[in-house]
Amino acid sequence: MSIRIVFLGRLADLAGAPEREIAGPLDWPALVEALRGDLGEWVTGDKVKLALNGAVLADKAALRAKDGDEIALLPPVSGG
Amino acid sequence: MKDVRLLTEPFSPGQLVGAFTDAHPGLGGVCTFVGEVRGGNGIEALELSHYEPLTLTGMDDLAEQALARFDLMGVLIAHRVGEMRPGEPIVLVSAAARHRRAAIQAVDFAMDHLKSDAWFWKREKRDGEWHWIEPRPEDHADLARWD
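These numbers come from a predicted model, not from an experiment.

## Quick notes on the overall build of chain A
Here's step 1: Per the secondary structure count, chain A includes 3 helices and 7 strands.
Here's step 2: Element order for chain A, N to C, with α for helix and β for strand: β-α-β-β-α-α-β-β-β-β.
Here's step 3: The C-alpha atoms of chain A give 12 Å as radius of gyration, which agrees with the globular expectation for 80 residues (12 Å, within 12%).
Here's step 4: Overall, chain A is about 40 × 25 × 20 Å in size when its C-alpha atoms are taken along their principal axes.
Here's step 5: Counting every position in chain A, which comprises 80 residues, the buried fraction comes to 26%.

## Focus: the nonpolar core
Here's step 1: Grouped together as the largest cluster of nonpolar side chains are 52 residues, with contacts concentrated most on Ala66(B), Leu72(B), Ile77(B), Ala95(B), Ala106(B) and Ala110(B).
Here's step 2: Excluding residues that lie within four positions of it along the chain, Ala95(B) makes contacts with Cys31(B), Ala66(B), Leu72(B), Val75(B), Ala103(B), Ala106(B) and Val107(B).

## A short note on the interface of chain A and chain B
Here's step 1: Contact with chain A, which involves 13 residues of that partner, is made by 17 residues of chain B.
Here's step 2: Residues belonging to the side of chain A that touches chain B are distributed by class as follows: 7 nonpolar, 5 polar and 1 charged.

## So, the confidence of the model for chain B
Here's step 1: When pLDDT is averaged along chain B, the result is 96, and 100% of the positions lie at 70 or above.
Here's step 2: With pTM at 0.92, the complex prediction returns an ipTM value of 0.90.

## What to know about the sheet that holds strand E3 (residues 43-50) of chain B
All names here are of chain B.
Here's step 1: Spatial strand order, E5-E3-E7-E8: 4 strands in an open sheet with antiparallel pairing. Of all the strands in the sheet, just strand E5 (82-84) and strand E8 (129-132) have a single pairing partner and so form its edges. Across this sheet, the average inter-strand angle for adjacent strands is 25 degrees, counted without regard to direction.

## A few points about helix H3 (residues 100-117) of chain B
Residues and elements named next belong to chain B.
Here's step 1: For H3, with 18 residues, the first-to-last C-alpha span of 25 Å sits near the 26 Å given by 1.5 Å per residue.
Here's step 2: Within H3, burial applies to Ala-102, Ala-103, Ala-106, Val-107, Phe-109, Ala-110, His-113, Leu-114, Lys-115 and Ser-116.
Here's step 3: On the buried face of H3, the contacting elements are strand E2 (29-36), helix H2 (52-69), strand E4 (74-80), strand E6 (89-97) and helix H4 (137-144).

Thresholds, definitions, all that
- Residues numbered from 1 in each chain as written.
- Chains lettered and ligands numbered in written order.
- Predicted model: local features only at pLDDT ≥ 70, side-chain atom pairs only at ≥ 80, totals over all residues.
- Helix = DSSP H or I, 4+ residues; strand = E, 2+ residues; numbered from the N terminus.
- Rg over C-alpha atoms; globule rule 2.2 N^0.38 Å.
- Buried ≥ 20, exposed ≤ 12 C-beta atoms within 10 Å, placed from the backbone.
- Core = buried A, V, L, I, M, F, W, Y, C linked by C-beta atoms within 7 Å.
- Contact = placed C-beta atoms within 7 Å.
- Nonpolar A, V, L, I, M, F, W, Y, C, P; charged D, E, K, R; others polar.
- pLDDT = per-residue confidence, 0-100.
- Pairing = 2+ DSSP bridges.
- Axes fitted to C-alpha atoms, helices over the stretch in contact; angles between N-to-C directions.
- Expected span 1.5 Å × (residues − 1).

Right, here's the structure in full:
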């Protein structure tokens, strides 16, 4: 079992796939480290929000994910 | 009555609104907005993606907010996801009320929030290539009207 990372919007293009599995446990610095190569500044920037198991995190640094969890990376939503 | 739907297939606005209206006997008015995929500028298709755990929940919250804020008998919010062609309906908001102003304002309120505050990501195909659509400053200004 591992942690499922879901990429939304253009992040799926950058990551090369809509999701990826990473072995847990994972905190914020570890997630940044794991994704920086593909997503670069997107991961660390303010614009991308993070959801853990369907709940948006107010503070990304508070991320604590374990095997079986799902993390979604949410870029800004598109307007009209 | 609250009716919130995320649709993966084309829908008929008339059918949805007809059933919604029938469900509210005694209403004084129904206001409906239907958004369609805009054509022109070489646009061949629009694709909407969403995130299952957040998108429908967010739309449901929005419907609750509209019911709490305006004097409504019911509200219907339906949104497409997937790939669509110009001219296809993409979103429908309908509000039923005893009096017109609540219905009109509720639809305006819900549309401003759906446009800028709902979990949808859009890309359009122009002349054979996909382009992601970025947020526009106007969307945030539209949202600020309701603060």
